[in-house]
Amino acid sequence: MFNPCYDLDIKITEDYKNRVNEIFAKEEKNARSDRAPEVHRKDYPEIFEPLGKLGDWFSPVVRVLSHKPSKLGTTKIHLDVNEHDQYEQDRYVIIQGALNIPLFESKGVKTKWWRQKNPDNIHPYDFWYDKDYEMECIYEHEISKPVLFRTGIWHSVEQTPNDELRTMLSFSTLYTVDWDTIVSIFSSNGLVPLLSQKANH
């Protein structure tokens, strides 16, 4: 079984970071009030450049996050769903995985993944409405570089003491691509150092 998160061997340049910030500044005014801006590959093909040929494994709709975690609600336990129209499907279709490119200094912020302990029928937004369920933390990871990130199970982001701004690109896997598949694809291309190390031992 694969972990819910893996660091990737993908290099991000300062020019790329600057370009993402330019795109965010341009597109923020077009964003819906309750969501981060989303941009399309056809309009900004340069944001897919670090992914190379593997970019085709992801939706052409990309989220550009440059917010405090408390504003977006990511400090609450949640699943990622199709609220940015990454797919031509229902809003509540669960997104199984993402490739996240952080453009911020980590400062020790962790993401936690959770498993529900009881057979409760939990809506993806229940925790945002302060409903309470018994959960157990199953994994933690500090994101400081590009990562494959399992979004289709419960997760949350720690809020930093000062609730600092965090800028990040989030590429959602294609509708039919499950977590095992995307991890295997990146691993077979030598981009998951942890799995490469295990294979060599």
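Residues numbered from 1 in each chain as written. Predicted model: local features only at pLDDT ≥ 70, side-chain atom pairs only at ≥ 80, totals over all residues. Heavy atoms only, no water.

(A) Looking closely at the pattern of salt bridges. Tallying each qualifying case throughout the model produces 13 salt bridges. For Asp9, the salt bridge is made with Lys11, and the minimal N-O distance between the two is 3.5 Å. In this structure, Lys117 engages Glu134 in a salt bridge whose closest nitrogen and oxygen atoms are separated by 3.8 Å. Taken together, the residues span a long stretch of sequence, with Lys117 in the loop between strand E5 (110–116) and strand E6 (135–142) and Glu134 in the loop between E5 and E6 at a distance of 17 residues. On the basis of relative accessible area, Glu134 is assigned to the partly exposed category, the value being 45%. One salt-bridge network, in which partners are shared between bridges, spans Lys110, Lys112, Glu140 and Glu158. (Salt bridge = Lys/Arg side-chain N within 4 Å of Asp/Glu carboxyl O. Helix = DSSP H or I, 4+ residues; strand = E, 2+ residues; numbered from the N terminus. Buried < 20%, exposed > 50% of the residue type's maximum accessible area, 1.4 Å probe, protein only.)

(B) Geometry of the sheet that holds strand E4 (residues 97–102). The strand order across the open sheet formed by 6 strands is E1-E7-E4-E9-E3-E2, and the pairing between neighbours is antiparallel. Across the chains shown, the open sheet's two edge strands, defined by having one partner strand only, are strand E1 (5–7) and strand E2 (38–40). Between one strand axis and the next, the sheet turns through 25° on average, direction left out of account. Sheet topology note: the E1/strand E7 (residues 147–150) ladder contains 3 bridges and is antiparallel. Across the sheet, Tyr6 pairs through a bridge with Leu148, a residue of E7. Against the sheet, helix H3 (residues 179–188) touches E1, strand E3 (58–67), E4, E7 and strand E9 (166–173), its axis set at about 170° to E7. (Pairing = 2+ DSSP bridges. Axes fitted to C-alpha atoms, helices over the stretch in contact; angles between N-to-C directions. Contact = heavy atoms within 4.5 Å.)

(C) How the structure looks around helix H1 (residues 14–27). With 14 residues, H1 should cover 20 Å at 1.5 Å per step; its first-to-last C-alpha distance of 20 Å lies within 8% of that length. Here H1 has its buried residues at Tyr16, Val20, Ile23, Phe24 and Glu27. Around the axis of H1, the buried residues are gathered within 100° of arc, so they sit on the same side. Within H1, the exposed residues directed more than 90 degrees away from the buried face are Glu14, Asp15 and Ala25. Buried-residue contacts for H1 involve E2, E3, E4 and E9. (Expected span 1.5 Å × (residues − 1). Arc of directions from axis to C-beta.)

(D) Here's a closer look at the nonpolar core. Counting residues in each nonpolar core, the largest one holds 31 residues, and the members touching the most others are Ile47, Phe58, Leu99, Leu148, Leu169, Phe171 and Phe186. Elements supplying a minimum of two residues to this core: H1, E3, E4, E9 and H3. With 5 residues, the top contributor of residues to this core is H3. The next biggest cluster of nonpolar side chains, apart from the first, holds 8 residues, and it includes Leu79, Trp114, Ile122 and Tyr133. (Core = buried A, V, L, I, M, F, W, Y, C linked by side-chain atoms within 4.5 Å.)

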